[in-house]
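# Secondary and tertiary structure notes
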Amino acid sequence: MAKVSPVAHDLVIVANRLPVDRVTLPSGRKVWRRSPGGLVTAIEPVMRTHGGGVWIGWPGGTGQKLRPFEDEGLSLVPMSMTQDEIEGHYEGFSNATLWPLYHDVVAKPEFHREWWDEYVQVNRRFAEKAAQLAAKKGTVWVHDYQLQLVPQMLRDLRPDLRIGFYLHIPFPPAELFQQLPWRRQILEGLLGADLVGFQLPEAAANFVRLVRQRVGHKTHRDLIYLPDGRTVRAAAFPISIDSAGFEELASSPDVVDRAKALREALGNPRRIFLGIDRLDYTKGIYARLRAFSELIRDGHFDVEDAVFVQVAVPSREQVEHYRILRDDIERLVGRINGDLGRIGRPAISYLHTSYPREEMAALYRAADIMVVTPYRDGMNLVAKEYVACRVEEDGALVLSEFAGAAEELKQAWLVNPYDINGMKAALLEAYQAEPRELARRMRAMRKTISQHDVKAWAASFMTELEDVSHHTKHLRPA
Ligand code: F6P
C-alpha cells in the first residue's frame, strides 16, 4: 500500500486541470487565472461544500517546482508536466486521439504509440499522488477522459479507498470505441472505480456492453461483476450548474446595467443572437454563423435588426485541428462582415477571448436568442447558464439535439447542426417568436434547471458511490 501523507484528506478530487491556470502576463508577471471549460464550473461548488477536500491537477505550462497552495479557500495540489508529457498526454492522446474519437469522430482521431506511453505515465503519477493524499477509507473522485487509467492504478495502490469516476464528455458507441488500439486497457482502467458516471444513460449502456464484449465480465443491467467479487456500477448523472448562483448574479444591479450597456454598444438592434463556446470543432460554430448570415442574405432580417455575438474562448491552440478551425472561422467572419455589414454594423461581432462570470451573465441577459449547436457535446453548460440567467422568463434557446442538455431542455428550439436549412428555420422561428411562446418555453426550462442543479448532481453521485462501495465493503482491507 502507498504511504499516506500525515495530512490525509477524506475527499480527493483528481482532474487533469486545477481550477486555476498559471499564466504569464506580457509584463512577465505570473498570475493564477480560472481554467476554461465545464469541469471547473461543476466541481468547484462540490469542493466548497466538502471543506476538507483537496484537488489534484495540472496548472498548465511546464513549471516544475510547484507547491500545494490555497486559492479562494480551495486546497490545490499542482502536478507538473514535462514538455513531452504535454505533447503526448494532453495535446496528443487526450485531445487528438480520445477527444475526436469520443465525439463521434467529428475530426479524424490519430493513434500514436508514443502518445499512449505519455498518457500511461501521467495517469500513473496522478494515481500515486492521490494514493498519498487520501485518508484511510477516504473517497477519491477522478474526472474525465484524460485520466481513465487512474481508477485501477489507484485501486492497486490503495484497495481501502472508495473510488468514483465521472466522464464529462460523451462515451462513444462500440463501433467507434473499438478503433482504439488500447481499448481494453482503458476499460480495465475505468473498472478500478466502484462507480463510473456518465452524462447520459446511452453512454453508460455503451460502456457496460463493451466491458461484456471486450473484457468478458458478467453484467446485469447497470452492474458489472468482477472476478475478485467487486461490483462496479455504470450509470448516468447528467451534470448541471449552480443555478441559484447564476440567477443571483444575473439579477444584480451591476449585471443588469452591464447588459443594457452591451445592447447599446451593439446599436440596440431588435434581436441579439449569442454563441459562447470554447473554440472547438465539436461546437458547430462555423455552421451556425453560416445559417445566420444566410438569413440576412435571404432578406429575412437586416444588420440593423439583428447581430450575432460570437465569443470564441481560446482553447488547445497547439493542436493542429484547433489552429485550422480558428483560421476557418475568422476567415468566414471576415467574409460575412465584408459582404453583409455596414459601417458600425457588422453582422457578426466576434471576440476571441474568455470572460469572467459577471460578463458572461451580462451577455446572457443582453441576448434574445442563445445559439448552442454542437455536433456532439457531453452536456453543454452554457445552454443551462443562459436559462438560469433569464430571470424575466424571456429569451429563446436554439439547441443541438446532439448536446446532452437536449435531453432535459426539451422546450428549446431543437436543431440538427448538420442541417443548415433546418437551423435557419429554427433561428428564424426564435427570432419571430411571440413573448407568450417564449415565456412558456423558458418557464418550463427554468423549472428543470432549478430542480437539477450542480449540488443535486454531486450529491446523487456521492450517495450512489457510498451505496455501491458498501456492497463490496467486505473486500476492503480493514
Ligand atoms: O469538459 C471537458 C473538458 O475537456 C475538461 O476536461 C477540460 O478541463 C475542459 O473541457 C477544457 O479543456 P482543456 O482542459 O483542454 O483546456
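Here is what the cut-offs are and how they apply
Every chain is numbered independently, its residues counted from 1 as its sequence is written. Where local features are concerned, this predicted model is filtered to residues with pLDDT of at least 70; where side-chain atom pairs are given and counted, the filter is 80 or more; whole-chain, interface and lining totals use all residues. With C-beta atoms placed from the backbone, a residue counts as buried when 20 or more other C-beta atoms lie within 10 Å of its own, as exposed when 12 or fewer do, and as partly exposed for counts between those limits. The helix count covers DSSP runs of H or I at least four residues long, the strand count covers runs of E at least two residues long, and both are numbered beginning at the N terminus. Handedness of a crossover: with both strands directed away from the viewer, a clockwise path from the first strand across the helix to the second marks it as right-handed. For two strands to count as paired, DSSP must find a minimum of two bridges between them. In this description, any two residues whose backbone-derived C-beta atoms lie within 7 Å of each other are considered to be in contact. Every helix has an expected span of 1.5 Å times one less than the residues it contains. When we speak of the arc, we mean the arc of directions from the helix axis to the C-beta atoms. Note on definitions: angles span 0 to 180 degrees between N-to-C directions of axes, and those axes are lines fitted to C-alpha atoms, for helices only across the stretch in contact. Every angle not falling under 35 degrees, over 145, or within 65 to 115 is termed oblique; those three ranges are roughly parallel, roughly antiparallel and roughly perpendicular. In this count, Pro and Cys sit with the nonpolar residues alongside Ala, Val, Leu, Ile, Met, Phe, Trp and Tyr, while Asp, Glu, Lys and Arg are called charged and the others, Gly among them, polar. Take the far helix as your reference; a near helix turned counterclockwise from it by less than a right angle gives a left-handed crossing, and one turned clockwise gives a right-handed crossing. In this document the domain limits rely on a domain assignment from an automatic tool or a database.

### Quick look at the pairing of strand E8 (residues 162-166)
Most of E8 sits inside the fold, with 5 of its 5 residues counted as buried. Neither face of E8 is open: one carries Arg162, Gly164 and Tyr166, the other Ile163 and Phe165, and all of them are buried. As for the winding sense of the linkage, the β-α-β connection from strand E7 (residues 134-143) through helix H4 (residues 150-157) to E8 is right-handed. Where E8 and strand E9 (residues 195-198) come together, 3 bridges link them in parallel fashion.

### Comments concerning the environment of threonine 139
Among the secondary structure elements, threonine 139 is positioned in strand E7. For threonine 139 and arginine 162, which are 23 residues apart along the polypeptide, the C-alpha to C-alpha distance reads 4.8 Å. Leave out the neighbours within four places in its chain, and threonine 139 touches Asp10, Leu11, Arg162 and Leu465.

### Section: helix H14 (residues 420-432)
Look at H14: 18 Å from first C-alpha to last across 13 residues, which is about the 18 Å you get at 1.5 Å a residue. Taken as a whole, H14 has its buried residues at Met423, Ala426, Leu427, Ala430 and Tyr431. On an axial view of H14, the arc spanned by its buried residues comes to 140°, and they lie on one face. In H14, the exposed positions angled more than 90 degrees off the buried face are occupied by Asn421 and Gln432. In the core, the buried residues of H14 are packed alongside strand E13 (271-278), helix H10 (285-297), strand E14 (306-313), strand E16 (369-372), strand E17 (396-400) and strand E18 (413-415).

### Topic: the packing of helix H2 (residues 83-102) against helix H3 (residues 113-133)
Helix-helix packing: each pair is described by the crossing angle between the helix axes and the interaxial distance. Packing of H2 against H3 brings their axes to within 8 Å, and their N-to-C directions diverge by 105°. One finds that H2 runs roughly perpendicular with respect to H3. Counting all contacts with H2, which are made through Asp84, Glu85, Gly88, His89, Gly92, Phe93 and Thr97, the residues of H3 involved are Glu114, Trp115, Trp116, Asp117, Glu118, Tyr119, Gln121 and Val122. Taken together, the residues of the contact of H2 with H3 break down into 5 nonpolar, 5 polar and 5 charged.

### Looking at unusual backbone geometry
For aspartate 104, which is not a glycine, the phi torsion comes out positive at approximately 60°. Position of aspartate 104 relative to the elements: it lies in the loop between H2 and H3. Even without being a glycine, glutamate 393 presents a positive backbone phi close to 55°. Following the sequence through the fold, glutamate 393 ends up in the loop between helix H13 (381-389) and E17. Take glutamate 393: there are 16 C-beta atoms within 10 Å of it, and that puts it in the partly exposed class.

### Concerning the packing of H10 against H14
Running from N to C, H10 and H14 cross one another at 60°; their axes reach a closest spacing of 9 Å. Relative to H14, H10 is oriented so that their crossing is right-handed. Only Ile420, Met423, Lys424, Leu427 and Leu428 of H14 make contact with H10, whose side of the interface consists of Ala287, Arg288, Arg290, Ala291, Phe292, Glu294 and Leu295. The residue inventory of the contact of H10 with H14, partitioned by class, reads 8 nonpolar, no polar and 4 charged.

### A word on the domain arrangement of the chain
The accessible area lost on association of the parts is a frequent measure of interface size. Here the domain parsing of the chain yields domain 1 (9-239 + 458-467) and domain 2 (243-452). Taking only C-alpha atoms, the centre of domain 1 and the centre of domain 2 are 30 Å apart. Taken together, the contacts link 18 residues of domain 1 with 18 residues of domain 2. Counting only elements with at least two residues in the side of domain 1 that touches domain 2, the list comes to helix H1 (38-49) and H2. By residue number, the principal contributor to the side of domain 1 that touches domain 2 is H2, which donates 3 residues. In the side of domain 1 that touches domain 2, the residues fall into 9 nonpolar, 7 polar and 2 charged.

### Section: the environment of alanine 361
Its location among the elements puts alanine 361 in helix H12 (residues 357-366). C-alpha separation for the pair alanine 361 and threonine 373, spaced 12 residues apart in sequence, amounts to 20 Å.

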